[in-house]
Amino acid sequence: MPKNTKVTQREHSTEPVTESVADLLSLEHPMDYKSSQMSMGLSPGSTAPGKALLPSPDPDAEDGRPAWNNKLEYILAQVGFSVGLGNVWRFPYLCQKNGGVVEPECEKSSATTYFWYRQTLNITSTIDDTGGLNWKMTLSLLVAWIMVCLAVIKGIQSSGKVMYFSSLFPYVVLFCFLVRGLLLKGAVDGIAHMFTPKLEKMLEPQVWREAATQVFFALGLGFGGVIAFSSYNKRDNNCHFDAALVSIINFVTSILATLVVFAVLGFKANVMNEKCVVENAEKILGYLNTGVLSRELIPPHINFSHLSTQDYAEMYGVIKTVKEDSFDQLGLDACVLEDELNKAVQGTGLAFIAFTEAMTHFPASPFWSVMFFFMLINLGLGSMIGTMTGITTPVLDAFKIRKEILCVVCCIIAFLLGLLFVQRSGNYFVTMFDDYSAGLPLTVVVILENISVAWIYGTKRFMQDLEDMLGFRPYAFYYYMWRYVSPAVLIVLITATVIEMAVSPAGYNAWVESEGSERFQSYPPWALAMAYALIIVAMLPLPIVYIVRQFNLVSDGSNKLSVSYRKGMMKDISNLEEQDEQRFILSKNPSEAPSPMPAHRAYLGPGGTQEMTNTNYGTSTKTGYQNIGSPESEL
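What counts and what doesn't
- Residues numbered from 1 in each chain as written.
- Predicted model: local features only at pLDDT ≥ 70, side-chain atom pairs only at ≥ 80, totals over all residues.
- Heavy atoms only, no water.
- UniProt positions renumbered as here; feature names shortened; annotations may be inferred.
- Helix = DSSP H or I, 4+ residues; strand = E, 2+ residues; numbered from the N terminus.
- pLDDT = per-residue confidence, 0-100.
- Contact = heavy atoms within 4.5 Å.
- Phe/Tyr/Trp six-rings, centres within 6.5 Å; stacked < 30°, edge-to-face > 60°.
- Buried < 20%, exposed > 50% of the residue type's maximum accessible area, 1.4 Å probe, protein only.
- Lys NZ or Arg CZ within 6 Å of the ring centre and 35° of its normal.
- Core = buried A, V, L, I, M, F, W, Y, C linked by side-chain atoms within 4.5 Å.

Student: Can you lay out the UniProt feature "transmembrane region" (unreviewed entry) in the chain for me, pointing to particular residues and giving the numbers?
Tutor: Taking the UniProt record as the reference, the feature "transmembrane region" (unreviewed entry) is found at residues 168-191, 211-232, 244-265, 367-393, 405-424, 436-457, 477-503 and 523-548. Between the first and last C-alpha atoms of residues 367-393 the distance is 39 Å; the span itself is 100% helix and 0% strand.

This is the structure in C-alpha cells:
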C-alpha cells in the first residue's frame with residue numbers, strides 16, 4: 001500500500017480515516033430419421049421392380065393448423081421459453097446457497113442495496129402495508145405485456161421471428177460478461193468456490209426439493225409451453241432429438257450464467273475483503289496509538305502501508321490468542337474471503353444487488369449495466385411468450401375463438417393480476433408466489449402428467465407412438481424411467497416438500513428501513529391463508545377438468561384432432577384404391593400393390609421381440625390408426 005494512503009496518514013494524525021473501494025481499485029491496473037422408417041424393406045427413394053409408389057399426402061397440410069416456418073424457429077422458441085431469469089439469478093443463487101452518498105439507510109446497507117429497495121421498489125417494511133402502486137414498475141409491467149401481446153397475437157409466424165433475437169442475444173451478453181469477468185481480480189476465487197462441493201448439504205431434503213423445482217422452472221415442465229410449441233410440429237418430427245437438445249442447451253446456459261455470476265462475485269468478495277482489511281487495520285493502528293494494544297503483538301515483518309490479507313490474518317490470529325478474554329471488545333473482524341463468498345443473496349437480490357454492485361466497479365460500467373439489464377428483459381420476454389402460448393394454444397384447439405381476441409384478453413388479465421406485484425409491497429408477494437404457487441403444485445402437476453402417460457395411457461403404447469413417429473425404437477431406459485423411477489422420485493419429493501412446509505415457519509424477509517437490512521418475519525394470518533390458497537388454486541384445474549371431461553360437459557377438441565388423423569388415413573386409403581384399380585386394369589393382382597401406410601410394429605416392451613404385421617388394405621391386422629376410436633386398449 002503506498003505511503004500516501006490514509007493508513008499511513010493515521011500514524012501522524014488523530015482524525016478518523018476511511019478508505020473507499022475506489023481507492024483500492026485505483027491501485028490495480030486495470031441423421032435423417034425418415035430414412036430409418038419401416039418401408040417394407042425398401043429405401044425411401046427406391047421402389048420395387050415394376051412397382052410404382054404414389055407420393056404420400058401430407059395430412060398436416062389438410063387440417064389448417066399453422067406450422068413453424070423452419071426447425072430453427074421451433075428450437076429457439078423452446079430455448080427462449082426454458083432459458084429465463086431463473087438461469088441467471090435462481091440457479092446461481094441456489095448454487096451459492098447449497099454449495100455510498102449520506103442517507104442513514106444507505107450507510108447501514110450499501111449504495112446498490114439502498115437503490116434497489118428504496119429507489120426501485122420503494123418497498124414497505126411489512127406485507128401488511130401495501131403502500132399503493134409503484135407507478136414506474138406499473139408502467140414497465142404494461143409495456144412488457146404489450147410487447148408479449150404483439151409477439152403472440154399473430155401466432156408462431158410472428159413470435160418465431162421474435163425468438164431469433166430474444167433467444168440469441170442473451171448468449172452474446174453472457175459470453176461478453178464471461179470474458180470480462182475472468183479478467184477481474186478474484187474471479188478465480190469465485191469460480192473455485194462454485195465448484196467446491198458441500199457434501200453435508202446432500203442430506204438436506206430442501207436441497208433436492210429446490211433442485212427439482214429448478215429443473216421444472218428451467219425446462220418449463222408442467223406449464224404447458226413445451227407442449228404448445230411442440231404441437232405446431234409435424235407428426236414425424238424428431239421429438240427425441242429436440243428434447244435432448246433443449247435440455248442440453250438449458251443446462252449449458254445455467255452453467256455459463258453461473259460462471260459469469262461467480263466470477264463477478266469473486267471479484268466483489270475480494271474488493272469487500274480488502275475493504276474489511278483496511279477498516280480493521282485502521283482500528284488496530286488506533287489501538288496501538290492509544291496503548292490498548294502493545295506493538296509487541298504485531299509481527300515484525302508486517303508493514304501497515306503494504307498490508308496483505310495474509311498479513312492481516314496472521315496479525316488477527318496473534319491478537320485473538322493473546323487478548324482472548326477481552327478480544328470481543330475490540331470489534332475486529334476476521335476478514336475471511338470465504339465468508340464473503342458464502343454470504344447468500346436472496347432471490348432477485350443476486351441480479352439486482354450483488355451483480356449490479358460488482359458492475360459499478362467495471363470500466364465503462366454504464367455500458368455493461370445496459371447490456372446486462374437488456375439481457376434480463378429478453379430472458380423475461382422469452383419466458384412470458386412461452387407461458388402465454390401454453391395458455392392460448394389449448395384454448396384455441398378446443399374452442400372456436402378468434403386468436404387476436406383471446407391473446408388480447410389473456411394479456412389484459414395477466415396485466416391486472418400482475419398489479420399485485422408492482423405495489424410497494426409487491427416483492428413480498430413475489431416471494432410468496434415463488435415459494436407456494438410454483439413448488440408443490442408444479443410437482444403435483446408433473447407427477448400427474450407422468451402417471452397419465454405411463455400408467456393410464458400406457459408406457460408401451462406411448463413407446464409405440466414414439467416409434468411410429470421417430471422411425472426407431474426408443475431406448476429401454478426411458479421405459480423404466482417413465483414407468484417406475486420418475487413417479488417414485490416425485491412422490492418422495494412431494495412428501496418431503498409437505499413435511500418441510502409443516503415444520504419450517506412460513507415467512508418472508510422484510511426490509512427494515514431503520515436498520516438498513518432484511519429481517520425475517522412470519523406471515524400474518526391473512527397472508528398465510530393466501531399462501532395456502534395459492535397451492536389449492538394452482539392444483540384446482542386438475543379435478544375440475546377431470547370432472548368436465550368425465551361427464552362430457554365441454555368438448556375437449558379430440559374430435560377435431562381425430563378428424564385430421566382420419567382425413568390423412570382416408571387419403572392413404574383413397575390412394576391405395578386408385579393403385580388397386582390401376583393394377584386391375586393392367587391385369588395385376590391388387591394384393592401386389594404396396595401399401596402407402598407405414599408398417600406397424602407392435603412394441604412389446606423393453607427386450608421384447610418385434611413382429612412385422614401386414615398392413616395391406618382390407619386385412620384385419622393392427623395399424624397405427626386402428627386405435628383412434630379405442631384409446632383404452634393396451635398394445
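Student: Please give an account of the confidence of the model for the chain that cites residues and values.
Tutor: Mean pLDDT over the chain: 74, with 71% of residues reaching 70 or higher. Per-element mean pLDDT across the chain ranges from 40 in helix α2 (residues 21-25) up to 92 in helix α17 (residues 403-418). The low-confidence segment residues 1-57 (pLDDT under 50) makes 77 contacts with residues lying over four places distant or belonging to another chain. Scored below 50 in pLDDT, residues 576-604 makes 68 contacts in the model with residues more than four places away or belonging to other chains.

Student: Help me get a handle on the packing of aromatic side chains, residues and values and all.
Tutor: Within the structure shown, the criterion is met by 21 aromatic pairs. Note on Y428 and Y508: the rings are 4.9 Å apart at their centroids and 50° apart in plane angle, and the pair reads as tilted. Of this pair, Y428 sits in helix α18 (residues 426-436) while Y508 is found in strand β1 (residues 507-512), placing the two residues 80 residues apart along the sequence. Like Y508, Y428 is buried. Where W455 meets Y484, the ring centres are 5.9 Å apart and the plane angle is 80°; that geometry is what we call edge-to-face. Taken together, the residues span a long stretch of sequence, with W455 in helix α19 (residues 440-470) and Y484 in helix α20 (residues 476-503) at a distance of 29 residues. The class of W455 is partly exposed, set by a relative accessible area of 42%. The class for Y484 is partly exposed, based on a relative accessible area of 41%. Taken together, the aromatic side chains of F177, F367, W368, F372 and F373 make up a single cluster linked through ring pairs. Its guanidinium or amino end placed over the ring of Y457, R461 lies 5.0 Å from that ring's centre, counting from NZ or CZ. It is R483 that lies over the ring of W455; its NZ or CZ is 3.9 Å from the centre.

Student: So, the nonpolar core: which residues are in play, and what are the values?
Tutor: Membership of the largest hydrophobic core comes to 29 residues, with the highest contact counts inside it found for Y117, I127, Y428, M432, Y436 and Y523. Counting only elements with at least two residues in this core, the list comes to α6 (111-120), α10 (205-219), α18, α19, α20, β1 and α21 (525-539). If you tally residues by element for this core, the top one is α19, at 5 residues. When neighbours within four sequence positions are excluded, M432 is seen to be in contact with I127, S437, Y523, A527, M530, A531 and L534.

Student: A description of the UniProt feature "binding site: Na(+)" (unreviewed entry) in the chain should follow, citing residues and the corresponding values.
Tutor: Taking the numbering used here, the UniProt-annotated feature "binding site: Na(+)" (unreviewed entry) corresponds to N250, L379 and S383. The annotated residues occupy 134 residues of the chain but converge on a single region, no pair of C-alpha atoms lying more than 12.8 Å apart. Turning to its location among the elements, N250 is positioned in helix α12 (residues 239-290). Here S383 is to be found in helix α16 (residues 365-398).

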